[in-house]
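Listed below, chain by chain, are the residues.
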There are 2 protein chains.
Amino acid sequence: MAKEVVIIGGGISGIFVLKNLLAKKDEVKEGLHVTLLKREKSGWVSVCGLPYALRRWYEIDKTEINKPQFFIDQGVDFRTETEAVQISVEERMVTLDTSEVLSYDYLVIATGRKPSVPAVVAEAKLEGVYTLNNEADARKIEAAMNKEGMKHAFVRGRGINGLQAAVAFATKGLKTTVLGGPPSLLPSGLDPDMGDMVKEWLEKKGIRFILEHKPLTALKGDGGRLKSVVVGDEEIPADIAVIAIGAEPNTKLASNAGIDVGAHGGIITDKVMHVQRSGCPIANVYALGDCVEVIDGITHRSRLSQYASTAVVQAKIIADNILGELTGRPELYSSYEPCLSPSVADISGLLVGSVGVTTEAARMAGIKTISGKATKLIKARYFPGASSLTLKLIFDAYTTKVLGAQMVGEATVAERVNEFTVAIRAGITARELRTMERSFDPSLAQLVDVTIDAAENALGLL
Amino acid sequence: MAKEVVIIGGGISGIFVLKNLLAKKDEVKEGLHVTLLKREKSGWVSVCGLPYALRRWYEIDKTEINKPQFFIDQGVDFRTETEAVQISVEERMVTLDTSEVLSYDYLVIATGRKPSVPAVVAEAKLEGVYTLNNEADARKIEAAMNKEGMKHAFVRGRGINGLQAAVAFATKGLKTTVLGGPPSLLPSGLDPDMGDMVKEWLEKKGIRFILEHKPLTALKGDGGRLKSVVVGDEEIPADIAVIAIGAEPNTKLASNAGIDVGAHGGIITDKVMHVQRSGCPIANVYALGDCVEVIDGITHRSRLSQYASTAVVQAKIIADNILGELTGRPELYSSYEPCLSPSVADISGLLVGSVGVTTEAARMAGIKTISGKATKLIKARYFPGASSLTLKLIFDAYTTKVLGAQMVGEATVAERVNEFTVAIRAGITARELRTMERSFDPSLAQLVDVTIDAAENALGLL
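What counts and what doesn't
Residues numbered from 1 in each chain as written. Chains lettered and ligands numbered in written order. Predicted model: local features only at pLDDT ≥ 70, side-chain atom pairs only at ≥ 80, totals over all residues. Heavy atoms only, no water. Helix = DSSP H or I, 4+ residues; strand = E, 2+ residues; numbered from the N terminus. Expected span 1.5 Å × (residues − 1). Least-squares fit on C-alpha atoms with pLDDT ≥ 70 in both. Pairing = 2+ DSSP bridges. Axes fitted to C-alpha atoms, helices over the stretch in contact; angles between N-to-C directions. Buried < 20%, exposed > 50% of the residue type's maximum accessible area, 1.4 Å probe, protein only. Contact = heavy atoms within 4.5 Å. Core = buried A, V, L, I, M, F, W, Y, C linked by side-chain atoms within 4.5 Å. Disulfide = S-S within 2.5 Å. Parallel < 35°, antiparallel > 145°, perpendicular 65-115°, else oblique. Nonpolar A, V, L, I, M, F, W, Y, C, P; charged D, E, K, R; others polar. Salt bridge = Lys/Arg side-chain N within 4 Å of Asp/Glu carboxyl O.

## Digging into helix α7 (residues 192-204) of chain B
At step 1: In this model, α7(B) (13 residues) spans 18 Å end to end at C-alpha, consistent with the 18 Å of a helix rising 1.5 Å per residue.
At step 2: Once α7(B) finishes, Gly206(B) follows within two positions and takes phi at roughly 95°, a positive value.

As structure tokens, then:
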């Protein structure tokens, strides 16, 4: 009888477990049947592509990369608008909202996250207030922001989602205010000095920032529609608002089944992404993505890493392990390494990237650091169109191993983040970085790259 | 009395030793005086920028980044049109072509390379035949290719210099033929399958390639000017020709002084770039750049690495060691690591990069390899302007550590080469590459990068 895999959740996490399983499905002798349960109507949607759709780079429809039918045609029981309401790990069964019960040989929990919403917002119950967490949210925001008479936008949150929403509003010509706590923007990836560079860039695009310990005290409406927000004692006009103060792992289904949840609210897994009960792994139940906790690659503490890039790696590990067992090919087995959360985003033309720890995150973990910073053109100055990049590197003060990298610039950021991911993983030191040869062509690089300058700055040599 | 450093050679190598010394000059208590001897008239010229000037991206003048006066103003005895004719390491003296004798505390030999020219070319003594090794060469080529009636160009050599010359000719509208040996283009960095991709790209630009064991048997002229070349028994019209079959280290001065020269014709150095006599390092004489041999980072054999990128790292090591001694700060000391020669070039819009060993170079060193290759868009397919990249990775067959990377594409190549430089240096394996998280934003990357696909292809998982 075919082996049965049930995947709960159809975001990037669930979809990528599915895709990886399908790629080797034919190698499973007894056959492999996969059921995917998805609350939304759509197939594979690139949620990360939605902010760009709001900036009018393309239609929202473009972000649906595969329709459900694409997977159904491959023999998948791809159920949209379907919700799992109960898991029984003892009986290996999942109960659906339709009361139907599915048995599984393997269960994958990919229940994602739900955006946090402050009480003052929830209680106001006003039209024109949104989160930006999925395709449906994006469609609502798009419809609202393009209505006649829209003039003012408000964003609560200075993380990546908040900034992307603010950029979309500012691009549309709305007068946009962002409220976030101190000290600066994108604090999970950037030190304040780097976050301030992003802030200055966005201020030039007309976005106003309030980065203080000021509460959002009220949302005011007119006929049920948002008209203004009150921050501290200032009333700010707002026709549309996005709330983007982070998202909590969706773990109710798992925790109701007795599965362990950690201090950050995410499901705890072992190295191959098995969930646990009272610290013991459950060999046929996996979890991944926005609903799980990861081990940080530098601090070795548990934390969340709610990136698509984290989820796709975990999806590979899970598929490797299920397929390794089902095909009798242990060489397929792989395990998940501590997480460095490399990230990059295009924020209104400014590319912002980071990987590893910030100075503050290191301090909180008792790691003493030194840092170095440099700003430099990314190609020979006599070349047309050379733009500059600012790079900040964080090193362990004792070993000078690189622990973190932060950068803002107009090009090469994504690839540099990947380079530092390898460097951090490999324990490369500031001195090694400083004398490591780099590819050179004057149309593409500088003879002495900004990396060398930042490393020398940290070592006190520049 | 001020310490005296004499640098022989004013290419990138000499200039970067000079620049690094100047940066910390004030920390030398007794003072530091530097003399640089340069055969040419110019200051710091970016030789790597010359091919782009021939493609009309900018004027040749732009490639002179600093005039001699820039260094003279900093107290440097910057002597142009001056040649050293003898070194005495016992007496610590250099004799110039003017018979003047300079004493030194430290000597830096940066005598560069001279382009190889086959006898049949040298003997023909025709106008219209050039090498492309320095600014003067570029000016001659520029003047010649822009003359009235230029129709046909010929290039001998399928390395980077030859291809850059061919691209300049083809861009100008000349019917261009390139003669090189088998099997394909850029063999020092690319396997034949990758070299063939470059060849196809350039053939579309109208360049013809003859990649066979066919000799260049004659150059024919009319009134002393080149009119055609004979390849095997085919006569090919040629109004202008560039000879780019490589370059030999300029070591006559060094070898006349008893300094050791290796099997590849380059000066032998120790890890801090000291030259040697009969295997013993000379503590105050350094050499670097195109005239020295390096130890290969994979094969651990001696070879040449005639890249500006290699020279700038060596220049740092030499300056570190001179300054470490003169300032009494041993923390400045650094040493030169085995070389991986990361390289990149824009060849008519196609970016070509490589680092580490090719399959053939590994084979010649007795290293068994496996390889993986993949072609993929470099950002989400729904993004406007997504272009694709082909990546080939070479792994040690036994350990699956990455030993080499080769790639062609329209973007991200230089930065990816740097990433693989770190990965090779760190001994990252194919399995590690495959599950290493990479930064993702759909406007800048794919969720599953071509790197993952190439690693899986090598492991037989794709």
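## Observations concerning the relation of the copies chain A and chain B
At step 1: Rotating chain A by 180° and translating it 0.0 Å along the rotation axis places it on chain B, where the RMSD comes to 0.0 Å. In short, the pair behaves as if placed about a two-fold rotation axis. Within chain A, the C-alpha atom positioned nearest to the axis of rotation is that of Glu419(A), 2.1 Å from it.

## Examining the sheet that holds strand β7 (residues 93-96) of chain B
Backbone hydrogen bonds hold the strands of a sheet together, and the pairing may be parallel or antiparallel.
All names here are of chain B.
At step 1: If you trace the 3 strands from one edge of the open sheet to the other, you get β6-β7-β8, paired in antiparallel fashion. Either end of the sheet is taken by a strand with one partner, and the two such strands are β6 (84-88) and β8 (101-103). Neighbour-to-neighbour, the strand axes of the sheet open up by a mean angle of 20°, direction not taken into account.
At step 2: With 3 bridges connecting them, β7 and β8 associate as antiparallel partners. By the bridge assignment for β8, methionine 93 is matched with serine 103.

## Looking at the side chain of Ser88(A)
Residue and element names in this part refer to chain A.
At step 1: Topologically, serine 88 is positioned in strand β6 (residues 84-88).
At step 2: Given the relative accessible area of 14%, serine 88 is considered buried.
At step 3: In this view, serine 88 contacts Met93 and Tyr104; residues no more than four positions away in its chain are not counted.

## Comments concerning the nonpolar core
At step 1: Counting residues in each nonpolar core, the largest one holds 111 residues, and the members touching the most others are Ile109(A), Phe169(A), Val198(A), Ile240(A) and Ile259(A).
At step 2: For this core, the element with the highest residue contribution is helix α9 (residues 308-327) of chain A, accounting for 11 residues.
At step 3: Formed by 70 residues, the second largest nonpolar core is a distinct cluster that contains Leu393(A), Ala365(B), Leu389(B) and Leu444(B).

## Here's the deal with the sheet that holds strand β5 (residues 77-79) of chain B
All names here are of chain B.
At step 1: Reading across from one edge, β5-β2-β1-β9-β21-β20 is the order of the 6 strands in this open sheet, with mixed pairing throughout. Across the chains shown, the open sheet's two edge strands, defined by having one partner strand only, are β5 and β20 (274-277). Averaged over all pairs of adjacent strands, the angle between strand axes in this sheet comes to 30°, irrespective of strand direction.
At step 2: As paired elements, strand β9 (residues 106-109) and strand β21 (residues 280-287) share 3 bridges and run parallel to each other.

## Notes on the environment of Arg381(A)
At step 1: Along the chain, Arg381(A) falls in the loop between β26 (369-377) and β27 (388-396).
At step 2: Sequence separation between Arg381(A) and Ala445(A) is 64 residues, and the spatial gap between their C-alpha atoms is 9.7 Å.
At step 3: Other than its neighbours up to four places away in sequence, Arg381(A) contacts Ile65(B) and Asn66(B).

## A closer look at the state of the cysteines
At step 1: According to the stated counting rule, one finds 0 disulfides over all chains in the structure shown.
At step 2: Here Cys48(A) stays free of any disulfide, with the sulfur of Cys339(A) as its closest cysteine sulfur at 14 Å.

## Looking at the packing of helix α11 (residues 413-426) of chain A against helix α11 (residues 413-426) of chain B
At step 1: Closest axis-to-axis distance for the α11(A)/α11(B) pair is 8 Å, and the angle between their directions is 5°. Classified by the angle between their axes, α11(A) and α11(B) sit roughly parallel to one another. Only Glu415(B), Asn418(B), Glu419(B), Val422(B), Ala423(B) and Ala426(B) of α11(B) make contact with α11(A), whose side of the interface consists of Glu415(A), Asn418(A), Glu419(A), Val422(A), Ala423(A) and Ala426(A).
At step 2: Of the residues contributing to the contact of α11(A) with α11(B), the split by class is 6 nonpolar, 2 polar and 4 charged.

## Let's talk about the pattern of salt bridges
At step 1: Summed over all chains, the structure comprises 62 salt bridges over all chains.
At step 2: For the salt bridge of Asp193(A) with Lys392(A), the shortest nitrogen-to-oxygen distance reads 3.1 Å. Separated by 199 residues along the polypeptide, Asp193(A) in helix α7 (residues 192-204) and Lys392(A) in strand β27 bring together distant segments of the chain.
At step 3: Using a relative accessible area of 27% as the deciding quantity, one classes Asp193(A) as partly exposed.
At step 4: Arg39(B) is the partner of Glu83(B) in a salt bridge, and the nearest nitrogen-oxygen pair spans 3.2 Å. Of this pair, Glu83(B) sits in the loop between β5 and β6 while Arg39(B) is found in the loop between β2 (32-37) and β3 (44-45), placing the two residues 44 residues apart along the sequence.
At step 5: One salt-bridge network, in which partners are shared between bridges, spans Asp191(A), Asp193(A), Lys373(A) and Lys392(A).

It is worth stressing that arrangement in space is one thing and function is another; only the former is reported here.
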